[in-house]
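# What the coordinates show
Letter by letter, the chains look like this.
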Amino acid sequence: MSTPHRFPDREEIAAVRAEAETLEPQATGAEHALAGRVMGRRDMGKLVFLDLVDRSGKIQLLAQPDELGGLDVDLGDVVGVRGQATKTKRGEPSLAVSELQLLAKIKRPLPDTYHGVVDAETRYRKRYLDLLVNEETRRDFLVRSELVAAIRRFLDARGFVEVETPILQPRYGGALAEPFVTHSNELDADLYLRIADELYLKRLIVGGLERVYEISKDFRNESISYKHQPEFTMLEWYEAYADYEDAMTLIEELLRVVTKEATGSAAVTFRGQEIDFEPAWKRMSLIGALEAEGVWTRDANDLRKGLQEREIDTGADETWAQLVDHALSHLVEPKLIQPTILFDYPVELSPLARLKEGEEGIVERFEYFAGGMELGNAYSELNDPDEQAARFAEMGAEDPDYVEALSYGMPPTAGLGLGIDRLSMLLTGRDTIRDVILFPTLRPTE
RNA sequence: GGGCCGUUAGCUCAGCUGGUAGAGCAGGGGACUCUUAAUCCCAAGGUCGCAGGUUCGAUCCCUGCACGGCCCA
């Protein structure tokens, strides 16, 4: 049996429901067309109640099979209906159906509409079922979409231009991470999936675009956890003629605005705690934070001893910088529940950041945290090509093409990264990053 | 990579320190003109993740594997 190829002139269920709300019981209102999925059916003989769901909401349908020439509708069918807004004797806003068209037939039984789909593996592998029967899932992914839209509005309104830079890169950089490697047959060359956008975006600053941003999928061939996925989404922006203090101000404002636009409130609940994005956030220096934990020292051996005393396994840490990073992530980060900026990092951890005037070995860099997670990283960009080349050399790396770009002169610039997935976790109150990524990476079956 | 836990009907879950499995919802048939997790009646639905082992006998005990979850690295 052929079904219609289109169903024109439908309205959103939420709008029609709102109209029906205003009616007196058993009164009827205007004629409307609605379409969606049948998620409930209550047969009363000559009268049948259906629940119709679309993206905007749910409404009850009142159908009389005798007047419709039968009602061959199963749970899960996609239908289009026409009828009048009404309210039942019991006061339920409804649509009295005068015409019903089957638009798509369900061929398998719908999962339990009361319990939803609970099994984590099913929810991730068959996200369509999760979205279909779990209203919260639908809602949370719409929050994520609204979040990204709000970020674009915010930056567009401030003169940033959205750009696209390569995902396939001959040389990866901009972060310390293991890349995915692929191969171009035509070029007969290995290419890397980007781990960050940074070095390309800064080339655009050299090129005079002044304020750029990219919302990108980045890829890191590393561990998977509640806050890590191999494929994740990051915002990076670069603003010429600004420094990291300007970036602090801007990210505070951005998070306040977009949180409000995506959720209706600048405060969210995550892991049982309210997190409030209203400025001003707490700010403390990284060194101060480590001192407060009693583990700040420039000496690697002392630092290692301090961490081991706190029963932190430092076996995998080779350098002082790695030990500092370990101390930060284990002792400090979990305590940063309210939005907090940690600023002024040792240069050893920050090869792309600009040195702070008058402070030995410190760069103008900050990371910001909320809910016990790092949300992002920012700094005044190092724009001296010779110093950049020397920093690369210290790491045992090089990127002559990038250094050459800097040698044409990059204005003083502030750059910032923001983890969209983690922010989405905070805004939706989800405990795991898999719950805010539509199709998270899982081990293949078979 | 390591430790612990899980995997039973399409979905959500029971299953007694071993005797070849049950319920609700969905799906099928029927009753009902105000239900909303509708209700009621009938019938049906299973490679108990996979492969071995122990045993007269394994969903249950043991081993390995697969996938997932939590924690650790």
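No experiment lies behind these values; they were computed from the predicted model shown. (Residues numbered from 1 in each chain as written. Chains lettered and ligands numbered in written order. Predicted model: local features only at pLDDT ≥ 70, side-chain atom pairs only at ≥ 80, totals over all residues. Heavy atoms only, no water.)

## Here we look at the nonpolar core
Nonpolar side chains in soluble globular proteins tend to end up buried together. Of all hydrophobic cores here, the largest spans 47 residues; its most connected members are L255, F277 and L418. Looking at this core element by element, the count peaks at 10 residues for helix 7 (residues 244-263). Not counting residues up to four positions away in its chain, the partners in contact with L255 are F277, W281, Y368, L375, L418 and L423. Membership of the second largest hydrophobic core comes to 37 residues, among which are L286, W320, L328 and Y379. (Core = buried A, V, L, I, M, F, W, Y, C linked by side-chain atoms within 4.5 Å. Buried < 20%, exposed > 50% of the residue type's maximum accessible area, 1.4 Å probe, protein only. Helix = DSSP H or I, 4+ residues; strand = E, 2+ residues; numbered from the N terminus. Contact = heavy atoms within 4.5 Å.)

## Here's the deal with the domain arrangement of chain A
When cut into domains, chain A gives domain 1 (13-104) and domain 2 (132-281 + 338-435). For domain 1 and domain 2, the distance between their C-alpha centres works out to 47 Å. The interface of domain 1 with domain 2 comprises 4 residues on the first partner and 4 residues on the second. Carbon and sulfur atoms supply 72% of the area that domain 1 and domain 2 bury against each other, a total of about 340 Å² over both sides. On the domain 1 side of the contact with domain 2, R37, M39 and R55 bury the most area, a combined 81% of that side's loss. Seen at the junction of domain 1 and domain 2, the total is 0 salt bridges. Between domain 1 and domain 2 we count 0 residue pairs in polar contact (both at pLDDT 80 or more) in total. (Domains from an automatic or database assignment. Buried area = accessible area lost by both parts, 1.4 Å probe. Salt bridge = Lys/Arg side-chain N within 4 Å of Asp/Glu carboxyl O. Polar contact = N/O pair within 3.5 Å; in protein donor to acceptor, adjacent residues only side chain to side chain.)

## Re the packing of aromatic side chains
This model, assessed by the stated rule, comprises 7 aromatic pairs. The interplanar angle of 45° and the centroid separation of 6.0 Å between the aromatic rings of F366 and Y368 together place this pair among those described as tilted. This pair shows no difference in class: F366 is buried, exactly as Y368 is. By the ring-pair criterion, three or more aromatic residues cluster together here, those being F277, W281, F366 and Y368. A cation over an aromatic ring shows up here: R158 above the ring of F154, its NZ or CZ 3.6 Å from the ring centre. Sitting over the face of the ring of Y226, R271 holds its NZ or CZ atom 4.8 Å from the ring centroid. (Phe/Tyr/Trp six-rings, centres within 6.5 Å; stacked < 30°, edge-to-face > 60°. Lys NZ or Arg CZ within 6 Å of the ring centre and 35° of its normal.)

## Topic: the protein's contact with RNA strand B
Taken together, 36 residues lie near RNA strand B, and D43, M44, R90, E121 and R443 sit nearest. At the protein interface, 60% of the atoms of RNA strand B within 4 Å belong to sugar or phosphate. G116 is positioned with one of its backbone polar atoms (N or O) 3.0 Å from a sugar or linking oxygen of RNA strand B. In this structure, a phosphate oxygen belonging to RNA strand B sits 2.7 Å away from a main-chain N or O atom of R443. Elements with a contribution of two residues or more to the surface near RNA strand B: strand 1 (28-43) and helix 3 (120-125). (Near = heavy atom within 4 Å.)

## Focus: the pairing of strand 2 (residues 48-54)
The buried count for strand 2 comes to 7 of 7 residues, which makes it a mostly enclosed element. The alternating pattern of strand 2 places V48, L50, L52 and D54 and F49, D51 and V53 on opposite faces, both of which are buried. Pairing of strand 1 with strand 2, which is carried by 6 bridges, proceeds in the antiparallel orientation. Bridged to R41 within strand 2 is L50. With antiparallel pairing between neighbouring strands as the criterion, strand 1 and strand 2 make up a hairpin whose turn holds 4 residues, including G45 at a positive phi of roughly 85°. With 7 bridges joining them, strand 2 and strand 3 (residues 57-63) adopt antiparallel strand pairing. (Pairing = 2+ DSSP bridges.)

## Here we look at helix 12 (residues 400-407)
Looking at helix 12, one finds that the buried residues are Y402, V403, A405 and L406. All buried residues of helix 12 lie within an arc of 155° about the axis, which places them on one face of the element. Taken together, the buried residues of helix 12 touch helix 6 (198-206) and helix 11 (385-394). Positive backbone phi, at 100°, marks G409, one or two positions downstream of helix 12. (Arc of directions from axis to C-beta.)

## So, the sheet that holds strand 1
The 5 strands lie next to each other as 1-2-3-5-4, forming a closed barrel whose pairing is mixed. On average, each strand axis in the sheet is tilted by 55° relative to the strand beside it, whichever way the strands run. Contacting strand 1, strand 2, strand 3, strand 4 (78-87) and strand 5 (93-104), helix 1 (residues 13-21) crosses the sheet at an angle of about 110° to strand 1. (Axes fitted to C-alpha atoms, helices over the stretch in contact; angles between N-to-C directions.)

## Regarding the sheet that holds strand 10 (residues 211-219)
Taken together, the 8 strands give an open sheet; going across it, the order is 6-10-11-18-17-16-15-14, and neighbouring strands pair in mixed fashion. Since the sheet does not close on itself, it has two edges, and those belong to strand 6 (161-162) and strand 14 (282-285), each with one partner. Direction of pairing for strand 15 (residues 340-346) relative to strand 16 (residues 362-370): antiparallel, over a ladder of 6 bridges. The partner of P346 across the bridge, within strand 16, is I362. Sheet strands in contact with helix 5 (residues 135-157) are strand 6, strand 10, strand 11 (231-240) and strand 18 (413-419), and its direction is about 155° off that of strand 10. Packed on one face of the sheet, helix 7 meets strand 11, strand 14, strand 15, strand 16, strand 17 (373-380) and strand 18 and runs near 10° to strand 16.

## Details of the side chain of K87
Tracing the backbone through its elements, the reader meets K87 in strand 4. In this structure, K87 is buried with no salt-bridge partner, the nearest side chain bearing the opposite charge being E21 at 4.7 Å. At 2.8 Å, the side chain of K87 forms a polar contact with the backbone oxygen of E21. Polar contacts involving the side chain of K87 include one to the main-chain carbonyl oxygen of L23, which spans 3.0 Å. Beyond its immediate chain neighbours, meaning those up to four positions away, K87 contacts A20, E21, L23, E24, P25, Q26, A27, E92 and P93. (Lys, Arg positive; Asp, Glu negative; His and termini not counted.)

## Points about the packing of helix 9 (residues 300-309) against helix 10 (residues 320-332)
At their nearest, the axes of helix 9 and helix 10 sit 9 Å apart, and the two run at 30° to each other. Relative to helix 10, the element helix 9 is oriented roughly parallel. The two elements helix 9 and helix 10 meet at a crossing, and its hand is left-handed. Within the contact between the two elements, helix 9 uses A300, L303, R304 and L307 and helix 10 uses W320, L323, V324, H326, A327 and L331. (Parallel < 35°, antiparallel > 145°, perpendicular 65-115°, else oblique. Left-handed = near helix turned anticlockwise from the far one by under 90°.)

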